[in-house]
Amino acid sequence: MSEAAVIDDAALAFHLLVRNPALFGGIVLRGQGPVRDEMVAFATAAIGKNGPVVKIPPNVDAERRLGGLDLAATLAAGQGVVRAGLLDSAAGGVIILPMAERVAANVAAHIAQAIDRGDLAAILLDDGHEPDEVPPAVLTERVAFCCDISLLRESCVRDWPKAKKLAKVDRLDNSRLQSIAVTAAALGIASVRALNFAHAAARAHAALHGRKVAGDDDLEAAVRLVLAPRATQIPQMEAPPPEPADSPPQDNEADEGNDSRKIEDIDLDDILLEAAAAAIPRHILDQIEGRALRGGKGQVGRVGQKQKSALRGRPMGARRGVPGHGRKLALIDSLRAAAPWQNIRRRATRADDRRKIHIRKSDLRIRHYEQRRESLTIFAVDASGSSALSRLAEAKGAVEMMLAQAYVKRSQVALIAFRQAGAEILLPPTRSLTRARRALAALPGGGGTPLAAGLLAARQLAEAALKRGQTPTVAVLTDGKGNVALDGSANRDAAAVEAIGAAQGFAAQGLASIVIDISPRPRAEAAELADALGGRYLPLPQAQSAAMVAAIENL
Amino acid sequence: MGSFPFSAIVGQDEMKQALLIAAVDARIGGVMIFGDRGTGKSTAARALAATLPPIMVVEGCRFNSAPEQIDASPDYVPGQKIKAVKAPVPFVDLPLGSTEDRVLGTLDLERALGAGEKHFEPGLLAKAHRGFLYIDEINLLEDHVVDLLLDVAASGENLVERDGLSIRHPARFVLIGSGNPEEGELRPQLLDRFGLSVEVRTPEDIADRVEIMKRCDENERDGRGFAAAWADEDGKVLKRIAKAKAALPKVETPESILEDMASLCKAVGADGLRGELTLMRGSRALAALDGKKQVTRKHLKKIAPLALRHRLRRNILDETGSTTRIERALEELFG
């Protein structure tokens, strides 16, 4: 899409939201810059006329978010002073959520509830760079629009002289509603919310342009603005869209009459689909392609990012204890413990004691953090040559065995296979057996051994895991004989040098690893590789799953 | 958004069925709903709660006490005069990341700091008493909160021993969980506590999806008119539930059907007694909803996937889904 078109679409989505915040639930504005600042300022002014606009800092605590007792004021006044939570004070208006891609799961859940109740709309400011750095799915699901404005230099704020009231615009006719449904299906959108948003957007677009009845232009805009950013697959253009004439008759016959759709309607579906395909934002495209590469089915959605925020050591309440030695005082909890005794203690003290609060040592509480360093085991499996299938099957067995215990241990597993020209992530980090099964169902095997490529892929995954606060362990299953260089050529010498180089880079990162030698007769190459990796070497000619799991767990 | 009329929900028959069964017999122990986002899970649960007739509660009681059970309320002072008022069936949405305090209840800080009194501030469990407790994305809920919930759901009572408080109050609710198994598995212990489980998919049929858009739009424009248009249908559902509730104690379960249930559980390898119990209660509730006096194999077959699919032990070598395994067993046993 050209930049002008991107600006137009961002402007459209933005103005649709500003005019009907409650109806659309919100918008994701991806990318920083002056354009976004201007949009936020405009929205604040425009929506602020009718309701509150509240900014929610990303680190806001539950008390402030949901409201509760204002401790400082309560102590000063000697009676309970309740402060409304940020979310409550935004009722009937809009919240602005900076750094939405990093918002914690619990904060997102509360906001999602408020959107569901129709209390407020959310403007999510998404500063993510990587394709998988996006706001939590619970939120993106509930807001109608998502605009990538990172490349915009020009203002998005417009005037709409002809705009009408939304209530004056009629419902879409049957065949246009059907077009929305068909397009959504082709884009692999499962959610029914998306359909309703698209319908509302078509009507609101018509209202914006002063039309009483929504036409094909309005529909196309709705598809671009609402459906395209939710695509989970790239539509197959050459295939005809599903035959709507086959669908069973509507139970609602009074409406619009004819069920059989005309040729023009089907053409309209094509046009819509093309419009949608052209409007899929870049980071969503990257996501879809990334998934296709890993062999996913595409309907997974934006799985996984959510768990990120849950992993960090999170405060787990407080317990009795004296602060110091790195233990932090839990102020609220200490006061809470002291509170019931205040009257009694005051009575027991001398008259000249002016202390407002009486706190004893036994009241002190310290913060208690949960150390939940989740572990991630990355299997990098040599899938080359004739024995590949049995090796892969064993690796698969080990992955599943580890996963079967994963919900107890909260550990994740990933699987990389390297063969022929490169490495492939067969199973991105997951705790889900369901996903693992599906990804492992079709295991490719055979070809050369791009060992260096495999190691690099494992290192990338491991580093990403470290960033998320996980502890990665890499298990390389190979005979250590690389014969395909990084550029894909069959050059044994270059491959060997590169493999050792990649392994040393790996070791420099301090990543824990183990090399499991799965050749029928253990060889020097694999041991050398383990040495370069700075990891353990385990010859395991039969590659038994159980022994493998035991070895990795003992690392 | 106001609540959507229960009968206006398009498709999703299995989910609606499971919710109705839970409404008829609360002892069934909750419903777990697996499925993608935006498939109407919370809408359906919320709609059912709103459809049910109002309950009588004691005015001012923060524990939703029924007038005849006011003794159990910590708020009640013996001899105190009470007044019964109508209240809607509670529906509590438990957000991810809820703290223990919010779930169980805690010391009322306001009273404690202000008046120096020790007073209990009820949590979400008290709010959900006699109603529904809905937990979206239950598979992402903190483990310790899940443990608390399981404990209370099993005992029907919330016992708080913390912050120098010692309080117990009844907390009986229909637990409704939802989640997407692709985003993390549920612990088997938790799964087993749910009576029924259903798998919802997004409606594939284009006509259904069009119908959904129409109805949502109508609801959005004129919620009251839309509710009125569906009031008759909702009334029928209500009558069906009321009838079934009344008939439930009289529904008979023949010995042969009980044997069928036991052999089915054995065949699919469902661990524990809970599977059989749920099969029995579920089939009975289903028969009652159908207006039948006796449980038949038809009811058993219909309820089996809902009652058992989440209790099958994971078999790493068998890739078949649980539902298929149950259906296969049903086919083999009963033809």
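First, a word on what this report is: a plain description of the structure on this page. Please read these numbers as outputs of a predicted model, since none were measured by experiment.

Rules used throughout
Residue indices begin from 1 for each chain and proceed along its sequence in written order. Lettering of chains starts at A and numbering of ligands starts at 1, both following the order in which they are written. In keeping with the model being predicted, local features are shown solely for residues with a pLDDT of at least 70 and side-chain atom pairs are shown and tallied solely at 80 or more, while totals for entire chains, interfaces and linings include all residues. Excluding hydrogens and water, the side-chain figures rest on all heavy atoms present in the structure. Labels follow the DSSP assignment, with helices taken as runs of H or I lasting at least four residues and strands as runs of E lasting at least two, numbered in each case from the N terminus. Relative accessibility under 20% of the residue-type maximum defines a buried residue, over 50% an exposed one, and the middle range a partly exposed one, all with a 1.4 Å probe and only protein chains included. Any two residues having at least one pair of non-hydrogen atoms within 4.5 Å are treated as being in contact. Per-residue and other accessible areas were derived by the Shrake-Rupley procedure at a 1.4 Å probe size, with only the shown protein chains allowed to occlude residues. Only buried Ala, Val, Leu, Ile, Met, Phe, Trp, Tyr and Cys residues count toward a nonpolar core, and they belong to the same one when joined by side-chain atoms within 4.5 Å. Domain limits in this description derive from either an automatic procedure or a database domain assignment. The arc in question is the one traced by the directions running from the helix axis out to the C-beta atoms. Any N or O atom pair separated by 3.5 Å or less is treated as a polar contact, with the protein-specific requirement of one donor-capable and one acceptor-capable atom, and with residues adjacent in sequence counted only for side-chain atom pairs. In the sections that follow, a salt bridge refers to a side-chain nitrogen of Lys or Arg positioned within 4 Å of a carboxyl oxygen of Asp or Glu.

Glancing now at the overall build of chain A. A tally of helices and strands in chain A yields 23 helices and 15 strands. The burial tally for chain A puts 52% of its 555 residues in the buried class. Taking as baseline every contact in chain A between residues at least 6 positions apart, the subset at least 24 positions apart corresponds to 78%. About 24000 Å² of surface is accessible on chain A, with carbon and sulfur atoms providing 52% of the total.

Within the largest apolar cluster, 72 residues are counted, with the highest numbers of intra-cluster contacts made by Phe24, Ile123, Phe145 and Leu227 of chain A. Residue contributions to this core peak at 11 residues, all from helix H10 (residues 192-208) of chain A. Taken domain by domain, this core gets at least three of its residues from each of domain 1 (3-148) and domain 2 (159-233 + 262-300) of chain A. Ala23, Ile33, Met261 and Leu286 of chain B belong to the second-largest nonpolar core, a separate cluster that totals 65 residues.

Take helix H23 (residues 545-553) of chain A next. Among all positions in H23 of chain A, only Ser545, Met548, Val549, Ala551 and Ile552 of chain A are buried. Axial view of H23 of chain A: buried residues confined to an arc of 165°, hence all on one face.

This next bit is on the side chain of His299 of chain B. Residue and element names in this part refer to chain B. Mapped onto the secondary structure, His299 falls in helix H12 (residues 297-308). On the basis of relative accessible area, His299 is assigned to the buried category, the value being 1%. Among the polar contacts listed, one links the side chain of His299 to the side chain of Asp290, at a separation of 3.5 Å. Not counting residues up to four positions away in its chain, the partners in contact with His299 are Ser283, Leu286, Ala287, Asp290, Lys292 and Gln294.

What follows is about the pattern of salt bridges. Residue and element names in this part refer to chain B. What the rule picks out here adds up to 32 salt bridges over all chains. With a shortest N-O distance of 3.1 Å, Arg309 and Glu14 are connected by a salt bridge. Of this pair, Arg309 sits in the loop between H12 and helix H13 (322-334) while Glu14 sits in helix H1 (residues 13-24), placing them 295 residues apart in sequence. Its relative accessible area of 8% is what places Arg309 among the buried residues. Judged by its relative accessible area of 28%, Glu14 is partly exposed. Ionic pairing is found between Arg297 and Asp260, a salt bridge with its closest N-O pair at 2.7 Å.

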